[in-house]
Amino acid sequence: MALGKHTENYLALYFDYFYGLKGERNVSSFIEYLDDYNFSILTPDFKIVDSIFKFISSLDDLHSDVIYYGTDIPDLDLLFSGEYGEREEKIIDAYIQYECYQYEEAITFEEYEEYYLMNLIYFTEETSAVIKESLQGLDPNKDLIIDVSCNTGGFLLGVIELVSFLTDENIELSIRNSLSNELVTQTFYTQENTAVSNDIFVITSNVSYSGANLFASLVKDMNLGLIIGEDSSGGGFIVDTTVLPNGTYIMSSGVLNMLNDDYESIESGIEVDVDYIRTDNWYSNYKFIGHLFENLVDYDVTHTDDNGSIQVSYTLHDNNEYEINKIIVEVIDLDTGSSILDESNFGTSFTVGGSFINTSSYSITVSVTFTINDIEVVEIIYDEVVNK
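Keep in mind that what you see is a predicted model, and the values were worked out from it rather than measured.

Attention shifts here to the state of the cysteines. Scanning all chains against the criterion turns up one disulfide. Bridging Cys 100 to Cys 150, the disulfide has an S-S length of 2.0 Å. Its S-S torsion of about -75 degrees marks the bond between Cys 100 and Cys 150 as left-handed, since a negative value means left-handed. A residue pair is termed long-range when its members are at least 10 positions apart, and Cys 100 in the loop between helix H5 (86-97) and strand S2 (107-111) and Cys 150 in the loop between strand S4 (143-147) and helix H7 (156-164) qualify at 50 residues. Neither residue differs from the other here; Cys 100 and Cys 150 are each classed as buried.

Have a look at this one:
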């Protein structure tokens, strides 16, 4: 039997019984699926590899790829002309849009006036050590932004290690075998009192895949922070590898499917809490991320000052379906440091007032507590110093 036919038979056996996405791709039999690639008549070796590449590309699965083509293969760029599927095209387009090719380091960490920014391009075996050093001694009053918008995965344990720095709760990961339907839930135990206390925001995009997708899933399931950006692109099956009869080494989505806390597959991606298109300008990004209420809710705050009496008015026009828990109004006499006004209100429209005598300046601060998908967010929505 020719080498091409041996390769075809092995591919059919392997993908019929050990490919996790067979059902999702609506393939009844890979024996029939592979008929279009003419393996039985192919010689020499490089034409067999060319058909393998085209077959793998047809799956539209970023977890399926050729790792090593074999020896004695001519210039690959001239030979292989497989077309990308819709899903891969979407990821590639986003990769170019966000200029993900510009990043050289797996992890970078920067501190800004109001927030910290961790940019994770891929998870590695060194992820834990780098993160541990970066997250020591953080100012809890600053937001922690974790950007995985250019992250396509990597070392699975690196994802668990990152999450372990964000919570003191134990981490559970459920995996279902798509062949046997067996369900296994593994618990990873965290160390007490090691988690950061910062408010956490995770940035995802259509590039976010595999490990980044799992990270977003765990953050959402454990209510660790808000996910902002674009829905991740999935990649919920753990990768498997095999060597074909012709010597080509491939990887594919195996039969072990990672699940969320509702025991649903995360293969199709994780939905964001807030839609946003990240830019390269982080000053602009944080004007949105750090001021969600201002950007998502339609409201007005005004104040009047007349003969020693001050009034602050709040009016909600449209809450955009977000749950608003509390509005706090504080007015401080800056000459004495004493409180002129300190009131909480739960209404959609109200006016509160206070009196002062002989002060040259005072500050007005209005803050809001609101909820997005079970995550409570506290923001200052009005902040002004008035000099008399």
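Structure shown, so let's carry the discussion forward.
Summed over all chains, the structure comprises 20 aromatic pairs. Taken together, a centroid distance of 5.5 Å and an interplanar angle of 50 degrees make the contact between Phe 15 and Phe 30 tilted. With a gap of 15 residues between them, Phe 15 in helix H1 (residues 3-18) and Phe 30 in helix H2 (residues 30-33) connect regions that are remote in the sequence. Each member of the pair Phe 15 and Phe 30 is classed as buried. Ring centres of Phe 109 and Tyr 116 lie 5.8 Å apart, and the angle between their planes is 20 degrees; on these two criteria the pair is classed as stacked. The partly exposed category is assigned to Phe 109, whose relative accessible area is 24%. Residue class for Tyr 116 comes out buried when judged on its relative accessible area of 3%. Among the aromatic side chains, those forming a connected cluster through ring pairs are Tyr 10, Tyr 14, Phe 15, Phe 18, Tyr 19, Phe 30, Tyr 33, Tyr 37 and Phe 55. When the ring centre of Tyr 116 is taken as origin, the NZ or CZ atom of Lys 142, which lies over that ring, is 5.3 Å away.

The subject of this paragraph is the pattern of salt bridges. Inspection of the entire model under this criterion finds eight salt bridges. Across the pair Lys 142 and Glu 111 runs a salt bridge whose closest N-O atoms are separated by 2.7 Å. Taken together, the residues span a long stretch of sequence, with Lys 142 in the loop between helix H6 (127-134) and S4 and Glu 111 in strand S2 at a distance of 31 residues. Judged by relative accessible area, which is 12%, Lys 142 ranks as buried. The partner of Arg 278 in a salt bridge is Asp 147, and the shortest N-O contact between them spans 3.6 Å. One end of the pair, Arg 278, is in the loop between strand S11 (274-275) and helix H9 (282-289); the other, Asp 147, is in strand S4, and 131 residues separate them in sequence. With respect to class, Arg 278 is no different from Asp 147; both count as buried. Put simply, Asp 147, Arg 278 and Asp 280 are held in one network by salt bridges that share partners.

Turning our eyes to something else, we now look at a negative patch on the surface. Taken together, the side chains of Asp 298, Asp 300, Asp 318 and Glu 321 make up a negatively charged region of the molecular surface. Residue placement: Asp 298 occurs in strand S12 (residues 298-306).

Turning next to the environment of Asp 275. Residue position: Asp 275 is located in strand S11. Separated by 70 residues in sequence, Asp 275 and Ser 205 place their C-alpha atoms 9.8 Å apart. If we ignore the near neighbours within four places in the chain, the residues touching Asp 275 are Gly 229 and Phe 288.

Relative to strand S15 (residues 339-345), strand S14 (residues 323-333) is paired through six bridges, and the arrangement is antiparallel. In the sheet register, Val 329 faces S15, and the bridge partner there is Glu 343. Between S14 and S15, which pair antiparallel and follow one another directly, the connecting turn spans five residues, one of which, Gly 337, has a positive phi of 80 degrees.

Basis of the calculations
- Residues numbered from 1 in each chain as written.
- Predicted model: local features only at pLDDT ≥ 70, side-chain atom pairs only at ≥ 80, totals over all residues.
- Heavy atoms only, no water.
- Disulfide = S-S within 2.5 Å.
- Helix = DSSP H or I, 4+ residues; strand = E, 2+ residues; numbered from the N terminus.
- Buried < 20%, exposed > 50% of the residue type's maximum accessible area, 1.4 Å probe, protein only.
- Phe/Tyr/Trp six-rings, centres within 6.5 Å; stacked < 30°, edge-to-face > 60°.
- Lys NZ or Arg CZ within 6 Å of the ring centre and 35° of its normal.
- Salt bridge = Lys/Arg side-chain N within 4 Å of Asp/Glu carboxyl O.
- Patch = residues over 30% accessible without salt bridge, like charges linked within 9 Å, V, L, I, M, F, W, Y side chains within 5 Å.
- Areas by Shrake-Rupley, 256 points an atom, 1.4 Å probe, with all protein chains shown as cover.
- Lys, Arg positive; Asp, Glu negative; His and termini not counted.
- Charge placed at Lys NZ, Arg CZ, Asp CG, Glu CD.
- Contact = heavy atoms within 4.5 Å.
- Pairing = 2+ DSSP bridges.

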